[in-house]
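Each chain is listed here by its residues.
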Amino acid sequence: MSDRGFLAQLQGYGMTTAEIHYYRPDAPSLLQLFVWQEYDLASDFPVLFDFLDHWRREITAALHSVRIAHEQLIRPTEWSAVDGILSIR
């Protein structure tokens, strides 16, 4: 058994969240919000841009703006040197 998200993180993917603001044709004066999350590669964001291309082609809603947040969930650990030994008896 394997978890797709965990395997993606091992390959360098991190959790990307996008706030997509858009207008629908039937309510052009109302700015609406859609939140999208997926594992993606930071700075290039190929998965997000594929989704936005799909949006432009298939969804009849005009994009207003997209705000992106990204977090690399698996990364090298931090360590600090310990100077001394503490004995507990």
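Each remark here, short or long, concerns the structure printed above.
Report follows, based on the coordinates. (Residues numbered from 1 in each chain as written. Predicted model: local features only at pLDDT ≥ 70, side-chain atom pairs only at ≥ 80, totals over all residues. Heavy atoms only, no water.)

Some words on the pairing of strand 1 (residues 14–24)
When strand 1 meets strand 2 (residues 27–40), the two strands line up antiparallel, connected through 11 bridges. Looking across to strand 2, one finds that Tyr 22 is bridged to Gln 32. What sits between the antiparallel neighbours strand 1 and strand 2 is a turn of 2 residues. Pairing analysis gives 9 bridges linking strand 1 to strand 3 (residues 62–71), with the strands arranged antiparallel. Following the sheet pairing, Tyr 22 is matched in strand 3 by Leu 63. (Pairing = 2+ DSSP bridges. Helix = DSSP H or I, 4+ residues; strand = E, 2+ residues; numbered from the N terminus.)

Examining the sheet that holds strand 1
Strand order in the open sheet formed by 3 strands is 2-1-3, and the pairing between neighbours is antiparallel. Lying at the two open borders of the sheet, with one neighbouring strand each, are strand 2 and strand 3. For this sheet the average axis-to-axis angle between neighbouring strands, irrespective of direction, equals 15°. In this fold helix 2 (residues 46–58) packs onto strand 1, strand 2 and strand 3, with an angle of close to 145° to the strand it touches most, strand 2. (Axes fitted to C-alpha atoms, helices over the stretch in contact; angles between N-to-C directions. Contact = heavy atoms within 4.5 Å.)

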